Amino acid sequence: MGWKAAQKLIQNWKILRGDNVIITRGKDRGETGLIKRVIRSQNRVIVEGKNLVKKHIKQGQGHEGGIFTVEAPLHASNVQVLDPVTGKPCKIGSRYLEDGTKVRVSRGQGASGSIIPRPEILKVRTTPRPTIVGPKDTPMEFVEVKTYDAKTGMGMPEL
């Protein structure tokens, strides 16, 4: 990717995986669906069951070929998040509640200003955390050893 293309990447993504969106442009305009995947390197999203295209796949070792229907990515500017109260497309802003938590709110013309909750699917990790100790992990007996004392300065290298 060249530097010009890198400048056009969205810096602050407001559309998240699992959001309920409406397609505003393209052959599926006006239809709603859930975001299945966000491709940040291309400013694109894949909406579940929308923007279907036929893909010709050649037969290879371990899989058979044929013509398959797959979901093609849409540009992020061609979808809008639905307001949970009104059900209309809206922009997304952020606010801080009284207890200090940051929340997404609907904004724009005809928006209710209500809180848009984070999708539940984001709480599930796509790759689980490893539970077994690997060869590159530091053993616990070395982790718990105190090597520096702030009050006495023990453990500081001599410069």
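Please refer to the structure higher up on the page.
**Q** I keep staring at the sheet that holds strand 10 (residues 115–116) and nothing clicks. Help me out?
**A** Within a sheet, adjacent strands bond to each other through the backbone by hydrogen bonds, running parallel or antiparallel. Reading across the sheet, the 8 strands line up as 6-3-2-1-7-8-9-10 and stay open at both edges, with antiparallel pairing between neighbours. The sheet is open, and its two borders are formed by strand 6 (74–75) and strand 10, each paired with just one other strand. Sheet topology places strand 2 (residues 32–39) next to strand 3 (residues 44–47); 4 bridges connect them, and they run antiparallel. By the bridge assignment, Val38 is partnered in strand 3 with Val45.

**Q** What is the right way to read the pattern of salt bridges from this model?
**A** Two side chains bearing opposite charge may form a pair once their charged atoms approach each other closely. This model, assessed by the stated rule, comprises 5 salt bridges. We note a salt bridge from Glu71 to Lys36, for which the minimum N-O separation is 2.9 Å. Of this pair, Glu71 sits in strand 5 (residues 66–71) while Lys36 sits in strand 2, placing them 35 residues apart in sequence. For Glu71, a relative accessible area of 22% puts it in the partly exposed group. Lys36 gets classed as partly exposed once you look at its relative accessible area, which sits at 42%. Between Lys146 and Asp149 there is a salt bridge, with its nearest N and O atoms 4.0 Å apart. Under the relative-accessibility criterion, Asp149 is labelled partly exposed at 27%.

**Q** What should I look at first to understand unusual backbone geometry in this one?
**A** A negative phi angle is the norm for most residues apart from glycine, just as the trans form is the norm for most peptide bonds. At Asn43, a position not held by glycine, the phi torsion is positive, near 60°. Among the secondary structure elements, Asn43 is positioned in the loop between strand 2 and strand 3. Taking relative accessible area as the criterion, Asn43 reaches 7% and is therefore assigned buried. One non-glycine residue, Asn51, adopts positive backbone phi at about 55°. Residue position: Asn51 is located in the loop between strand 3 and strand 4 (52–57). What makes Asn51 buried here is its relative accessible area of 13%.

Definitions and cut-offs
Residues numbered from 1 in each chain as written. Predicted model: local features only at pLDDT ≥ 70, side-chain atom pairs only at ≥ 80, totals over all residues. Heavy atoms only, no water. Pairing = 2+ DSSP bridges. Helix = DSSP H or I, 4+ residues; strand = E, 2+ residues; numbered from the N terminus. Salt bridge = Lys/Arg side-chain N within 4 Å of Asp/Glu carboxyl O. Buried < 20%, exposed > 50% of the residue type's maximum accessible area, 1.4 Å probe, protein only.

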